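# Descriptive analysis of the structure
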Amino acid sequence: SRIISSSSDKTIREWDIETGECLSVIGTLDKWVHLRNSNNGEYFASYSAGGAIRLWSGQTMKLKHTYDIRLLWTDISFSYDDRLLYATDISGNLHVFDTQHGGLIAVYKNMGISICCNPARDLVMCEAYQSLVQLEIEPLQVLIERAKVLYHDRELSNEERRKYYLTVLTDR
């Protein structure tokens, strides 16, 4: 078994838990890097206060996606099925990213600065300045199936997916 860590030396390291041996090192561009593992271990995400959010493969330690929105990030968390990545910024906005295709799906304003997800379903709790905000987001597969009906059951392009998700999620 292994564990992943980050450090002020601008690295992310993979360690063997039994031996304490460093298995691999990833250099980053940011001094302070924060990490969050996905629920199934397939991914981990990294961010720094003013840097991009990066999605990494948990198996290969290779970069999968970069969400190049440079804000003061305060927290990140994965959806229960790891298909969505949630991030909160210092202004209290909740950003929803697609882990499969790498795009920004939606932004919810004034939600909070820290985030917690229910592992059984997409129930997102944000701490909003001494109160809690609860947001229930439909699973990504439900959105995909609904979109396929509108687009005559064909596979959607990334642009069509993004447009549809933004419409559905912001109309709630």
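Residues numbered from 1 in each chain as written. Predicted model: local features only at pLDDT ≥ 70, side-chain atom pairs only at ≥ 80, totals over all residues. Heavy atoms only, no water.

### As for the sheet that holds strand β6 (residues 53-57)
Sheet architecture is open: four strands sit in the order β4-β5-β6-β7, paired in antiparallel fashion. Since the sheet does not close on itself, it has two edges, and those belong to β4 (34-37) and β7 (63-67), each with one partner. Averaged over all neighbouring strand pairs, the angle between strand axes comes to 20°, with direction disregarded. Of the pairings in the sheet, the one linking β6 to β7 comprises four bridges and is antiparallel in character. Along β7, the bridge assignment pairs leucine 55 with histidine 65. (Pairing = 2+ DSSP bridges. Helix = DSSP H or I, 4+ residues; strand = E, 2+ residues; numbered from the N terminus. Axes fitted to C-alpha atoms, helices over the stretch in contact; angles between N-to-C directions.)

### Section: unusual backbone geometry
The phi torsion at methionine 61 lies on the positive side, around 65°, for a residue other than glycine. Along the chain, methionine 61 falls in the loop between β6 and β7. According to the relative accessible area criterion, methionine 61 is buried, its value standing at 7%. Positive phi, normally seen in glycine, also occurs at aspartate 82, with a value near 65°. Among the secondary structure elements, aspartate 82 is positioned in the loop between β8 (73-78) and β9 (84-89). With relative accessibility at 2%, the residue aspartate 82 sits in the buried group. (Buried < 20%, exposed > 50% of the residue type's maximum accessible area, 1.4 Å probe, protein only.)

### Concerning the packing of aromatic side chains
Given two aromatic rings, their pairing is described by the distance between the two centres and the angle made by the two planes. Taken as a whole and assessed by the stated rule, the structure comprises four aromatic pairs. Measuring from ring centre to ring centre gives 6.0 Å for phenylalanine 44 and tryptophan 56, while their planes differ by 10°; the resulting arrangement is stacked. Residue phenylalanine 44 is found in strand β5 (residues 43-47), and its partner tryptophan 56 is found in strand β6; the two are separated by twelve residues along the sequence. Take phenylalanine 44 and tryptophan 56: they sit in the same class, and that class is buried. Note on tyrosine 67 and phenylalanine 97: the rings are 4.5 Å apart at their centroids and 35° apart in plane angle, and the pair reads as tilted. Residue tyrosine 67 is located in strand β7, and its partner phenylalanine 97 is located in strand β10 (residues 94-98); the two are separated by 30 residues in the primary sequence. In this structure, tyrosine 67 and phenylalanine 97 share a single accessibility class: buried. Aromatic rings pair up to connect Tyr67, Trp73 and Phe97 into one cluster. (Phe/Tyr/Trp six-rings, centres within 6.5 Å; stacked < 30°, edge-to-face > 60°.)

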